[in-house]
Amino acid sequence: MKVGKKYLCMLLAAVMICVSMMPVSVRAKEDGKIKIEQTRADLQVMPDRYNTGVSGNLIPFSSQEAKATVPFMAGGQPGELILKKSGEANTYNITFDIAENRQLSGKVDFYNYDFSGYKLNTLGTESVNHKITLAFHNCKFGILAKEYLDSNVTYEFYNCTIRRFFGSNARFEKCYFGGSYEDPLVPFRHVEVLDSYVADLNYASPDRETHIDGTQIYGYSYKDKKTGETVKSDVEDIRFSNCRFEVPNILLEGANKATVNACVMLQLEYADGHNITVEDCLLNGGSQTIFAHCKKDYLKMDNVLFKNIKIGSAKYNGHLYQDIDEHVTFENFSGVDALFVGSVIRENGKTSFSVSNDTGRERKLRIITSRGDYDYTMEAGATRASLEAKQYSSFSQLPEDRLFTINEACDYALCLDVTDEDFIKQIRFVNFTDNDVYLEQDCFGTKEQRENDVILSGACGKNVTFTLTKDYVLTVSGNGMMQDYHSKLLPPWTE
């Protein structure tokens, strides 16, 4: 299907209303029951506050000395990284101008440190002519500023909590970004972010109005010291995979109001951008959820892909900036249509479920377990109306990562969104045993309820048609320009 990008926002608005509530397909039967299988949501678990970021006790970094050391392990041998105090308060430099740091090689691992009270800068990496990787495991950071250009020094972060990072040559896995009034992640070159969570950005700045993005990508340019000419360092190879952005534009009281512009802000200002991918991600919030546009006419971007993207209800002005760059491609782009369950935790004789609602309506959850069935109601997710009404004053008040606990150690748990009883949706299945699980087929509704009868169809543009089935699936087909629907020309499926 080809639909003009100019009309994509209108199509998405419709999709947000008529999102898929596809019933689970019939499975292998045994004695009239069906076998419950894992889905993509079970194999690629949604990031949340319980499966990202630090856990347990950390070792606090605290120093006011001119030099400080941080122990590490490299190839099974202990060592120390040397930090030099900067003139800026509570700031230390990881500098490779000194021989001790420059002589490091291979992978250097740091475990369980809390640097959150400090800003860490990296300097002098251009003097390193061999490969060094600094890998941080279960560490907490305030601000970490890595140099923007390529070098032989790379960084890895596993289960780290990071208030703000900007730099290049870094990989993040199961990390939590946020808790500030500043952009938590500003990547430049060769940055990969996997299974990570960006949230909690609404804080009033003490000295200025804030304009925040879940991630901001703008490029870098510098003046060559020898020639005096300005050189562009292009944004290149940025990838987000299975990441979740929860950044509603909560309106705070007071003179300075935090403003979340976008979940993903790709606004090239200093250099071109190449090979930028956001895939298998959930984006909820911002003024416009996605912004992808060159701020200056002489800049360009190419190979920019948004693939398998779910958009939540908390956008303030729309899903997309109205002038998305023509070199941006969207594949499989839809609205959040159900509750979702991230972490499922079985410990101390109990089973807990992390549940979130990124839709604009109250929803119902049913959990079928080996110990019985449990029903819960989840309040509506944030919308522009609830944000304007100042219904929330902090991120913690949103229906995100709510922990529902069953006082039993369940052998299995099937989580269903049963908001619409005619179209029940499986959202999570966990099995803590090696045994297959078979349940009555009626737990997914009757056969009559699962039929996909067309309730509306027709033309919606030149050589473009649509069908709407009673399971709330809107399908647009054809090869042409869609009708320019707007507030005075609503689409035929509005009701």
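The structure presented is a predicted model; accordingly, all values stated were derived computationally and were not measured.

*Asks:* Just checking my understanding: could you explain the pattern of salt bridges for this structure?
*Replies:* Between side chains of opposite charge, a pair can form when the charged atoms approach closely. Following the criterion strictly, the structure yields 28 salt bridges and no others. Two residues, Glu-269 and Lys-295, come together in a salt bridge whose shortest N-O distance is 3.5 Å. Here Glu-269 is found in the loop between strand E23 (258-268) and strand E24 (273-285), whereas its partner Lys-295 is found in the loop between strand E25 (288-294) and strand E26 (301-311), with 26 residues between them in sequence. Look at Lys-295 and you get partly exposed, because its relative accessible area is 47%. Taken together, the shared-partner salt bridges connect Arg-49, Arg-244, Glu-246, Glu-400 and Asp-401 into one network.

*Asks:* What is the right way to look at the environment of Lys-33 in this model?
*Replies:* Relative to the elements of secondary structure, Lys-33 occurs in strand E2 (residues 33-35). For the pair Lys-33 and Tyr-321, spaced 288 residues apart in the sequence, the C-alpha separation amounts to 48 Å.

*Asks:* It is not clear to me how the state of the cysteines should be interpreted in this structure. Could you clarify?
*Replies:* A covalent bond between the sulfur atoms of two cysteines is referred to as a disulfide. Within the structure shown, the criterion is met by zero disulfides. For Cys-175, which is in no disulfide, the shortest distance to another cysteine sulfur is to Cys-160 and amounts to 4.8 Å. On the accessibility criterion, Cys-175 (0% relative accessible area) is buried. Cysteine Cys-243 remains unbridged, with the sulfur of Cys-281 as its closest cysteine sulfur at 4.7 Å. Classification of Cys-243 as buried rests on a relative accessible area of 2%.

About the criteria used
- Residues numbered from 1 in each chain as written.
- Predicted model: local features only at pLDDT ≥ 70, side-chain atom pairs only at ≥ 80, totals over all residues.
- Heavy atoms only, no water.
- Salt bridge = Lys/Arg side-chain N within 4 Å of Asp/Glu carboxyl O.
- Helix = DSSP H or I, 4+ residues; strand = E, 2+ residues; numbered from the N terminus.
- Buried < 20%, exposed > 50% of the residue type's maximum accessible area, 1.4 Å probe, protein only.
- Disulfide = S-S within 2.5 Å.

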